Amino acid sequence: MTSPSPDRNMDENKERRLRLRKNVLDEIISSEESYIKQLDMLLNGFVRPVRDKNTIPKHSFSAIFGDIEPLYSLNVVLHDELQKSENVGSAFLKIAPYLKLYSTYAHDYELATRSLQALRKSNKAFEAFVSQQERLPHISRKLEALLIVPIQRVPRYRLLLTELIAHTDQTEEEYTILNAALKQVEAVAHHINEQIREQENVQRMIRIQRSLAQGNPKIITPGRRLIKEGSLRKVSADSESAHHRYFILFNDMLLYCRVRSPGSEINHKGSLICNCVLPLRHCKAEAVVGDGLFRVTCRDECLLLCSDTAEEGKQWVETINAAVEQLEANFRTLRKESSSRRPIRKRQLHQKDSLMRKFHQKKLTLTDQNTCLPNAFEVQVLRSENIDSHSPRQNPTSKSPRVIKLPKWPESCSGSPSFTYSPRKLLAFMSPSSPNSSPVHEAPPVFNFCSPPIQTDFTFNTD
């Protein structure tokens with residue numbers, strides 16, 4: 001029996017490759033037609049009727065349906081290009097700059113779904129209309145199912161183009177064009193995935209904030225991201241017992257809590273009692289001999305922790321140290337001063353928040369001699385705030401961003417002219433021993449504070 005000749009094998013492989021390539025091309029065009037049909041359902045079944053009837057407010061309409069028509073127009077153009085062009089890569093390259101519309105849609109998708117849910121609960125006319133349209137024979141789809149279709153489209157383009165490239169000969173001119181188109185699509189797909197992850201991260205942080213007893217500490221702040229969370233056992237100082245604690249790692253702090261009721265859901269309101277908040281910049285994690293045992297240190301704080309498995313402990317150590325390194329890199333660029341603050345215990349948390357609100361409210365009128373006069377703890381905190389206001393990498397003579405600007409001193413008052421005050425100088429000014437205390441009673445000025453709010457990135461511990 002003779003074996004097939006090499007030429008025959010090459011011909012069979014080529015025919016097979018061409019057949020598979022044709023199947024991918026057909027799928028690209030057919031899936032695009034199906035996608036446009038779904039967008040058409042969305043437009044003619046929901047978007048345009050709602051707009052024409054003014055069923056919902058304009059801002060709600062823009063939040064839910066604002067990007068649908070531009071996407072529909074874009075994909076009609078792409079479909080036409082695919083029909084008249086034999087080169088699929090060229091068709092995608094022509095519309096590639098406009099694929100950023102999908103990033104905008106992905107960014108606004110979470111807001112759109114929340115707005116839709118709220119409207120369907122509060123607007124009975126809108127709810128009745130949507131329910132009626134969803135039951136129509138030529139639609140038979142939930143509105144929410146149609147709104148998520150554009151989110152899935154760009155990843156689908158990436159898969160189809162990757163498969164098409166796999167069945168394209170590298171010597172062909174189209175191979176280079178397809179790769180260029182794939183890079184454009186991958187960039188948009190990556191951005192969309194990042195937008196979705198960011199939205200999920202924010203929603204998770206909101207749920208964690210709700211779970212914290214009395215809402216303390218405040219974790220929702222611009223730039224803060226959730227990195228990792230999970231349950232670990234904290235070994236006591238005498239090493240004789242271990243307690244389950246829930247650890248939450250952000251990109252700027254590490255927080256651990258006690259679950260109020262063992263075995264209860266941590267997502268319930270007030271289910272987590274915060275025990276310690278550690279500024280991440282001063283943290284260090286290192287493995288200890290033993291399966292899943294590791295240590296986290298932050299200045300004077302030292303936590304000996306144990307995970308269920310050695311692999312989980314290793315992941316915690318690597319994740320914490322990687323987050324610290326990234327934060328250090330950010331500080332070398334931004335030189336943020338807030339990380340230089342001293343640890344503060346939990347019992348002083350509410351005192352600190354109350355004190356700082358005094359100096360950072362929009363208007364503060366000094367009408368009484370004892371207004372804002374500090375106690376010993378407040379003086380200590382304000383002194384530490386003033387002393388630590390400069391990072392070791394900052395020039396001590398540079399103007400602190402925490403300086404409080406006061407308006408011009410009233411002409412009717414004797415004493416010091418207008419100048420800027422730090423919290424420490426302001427306390428000295430309000431002190432009864434200060435030579436400037438008398439004008440305060442004669443004509444109390446209104447102080448408009450312009451300093452930014454203070455973040456509570458400090459430590460406190462109850463264990």
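Use the structure listed above.
Quantities reported herein were computed from a predicted structural model and do not represent experimental measurements.

Colleague: Residues and numbers for the nonpolar core, please.
Modeller: Counting 54 residues, the largest nonpolar core has Phe 65, Val 88, Phe 92, Tyr 102 and Leu 147 as its most contacted members. If one sorts the elements of this core by residue count, helix 1 (residues 6-53) sits on top with 11 residues. Among residues more than four places away in sequence, those in contact with Phe 92 are Ile 28, Leu 78, Leu 82, Tyr 157, Leu 161, Ala 181 and Val 185. Core analysis: the next-biggest nonpolar cluster, separate from the first, contains 22 residues, Leu 249, Cys 276, Cys 283 and Cys 298 among them.

Colleague: Just give me the short version of the environment of His 268, but keep the residues and values in it.
Modeller: Mapping His 268 onto the fold places it in the loop between strand 3 (253-259) and strand 4 (272-279). On a C-alpha basis, the gap between His 268 and Ser 211 in space is 5.6 Å, while along the polypeptide they are 57 residues apart. Ignoring any residue separated from it by four or fewer positions in sequence, one finds His 268 in contact with Arg 210 and Ser 211.

Colleague: For a nonpolar patch on the surface, give the residues involved together with the corresponding values.
Modeller: Taken together, the side chains of Val 202, Ile 206 and Ile 220 make up a nonpolar region of the molecular surface, amounting to roughly 250 Å² of accessible area. In this fold, Ile 206 is placed in helix 9 (residues 173-211). According to the relative accessible area criterion, Ile 206 is partly exposed, its value standing at 43%.

Colleague: Kindly report on the packing of helix 5 (residues 100-122) against helix 9, identifying the contributing residues and their values.
Modeller: When two helices pack together, their arrangement is captured by the angle between the axes and the distance separating the axes. Where helix 5 contacts helix 9, the two axes come as close as 8 Å, and the packing angle between them is 25°. On the basis of their axis angle, the class for helix 5 and helix 9 is roughly parallel. Pair helix 5 / helix 9 crosses with right-handed handedness. Along the contact surface, helix 5 presents Tyr 102, Ser 103, Ala 106, His 107, Asp 108, Tyr 109, Glu 110 and Arg 114, while helix 9 presents Val 188, His 191, Ile 192, Gln 195, Gln 199 and Gln 203. A breakdown of the residues in the contact of helix 5 with helix 9 according to their chemical character gives 5 nonpolar, 6 polar and 3 charged.

The rules behind these values
Residues numbered from 1 in each chain as written. Predicted model: local features only at pLDDT ≥ 70, side-chain atom pairs only at ≥ 80, totals over all residues. Heavy atoms only, no water. Core = buried A, V, L, I, M, F, W, Y, C linked by side-chain atoms within 4.5 Å. Buried < 20%, exposed > 50% of the residue type's maximum accessible area, 1.4 Å probe, protein only. Helix = DSSP H or I, 4+ residues; strand = E, 2+ residues; numbered from the N terminus. Contact = heavy atoms within 4.5 Å. Patch = residues over 30% accessible without salt bridge, like charges linked within 9 Å, V, L, I, M, F, W, Y side chains within 5 Å. Areas by Shrake-Rupley, 256 points an atom, 1.4 Å probe, with all protein chains shown as cover. Salt bridge = Lys/Arg side-chain N within 4 Å of Asp/Glu carboxyl O. Axes fitted to C-alpha atoms, helices over the stretch in contact; angles between N-to-C directions. Parallel < 35°, antiparallel > 145°, perpendicular 65-115°, else oblique. Left-handed = near helix turned anticlockwise from the far one by under 90°. Nonpolar A, V, L, I, M, F, W, Y, C, P; charged D, E, K, R; others polar.

Purely geometric numbers; function is a separate question.
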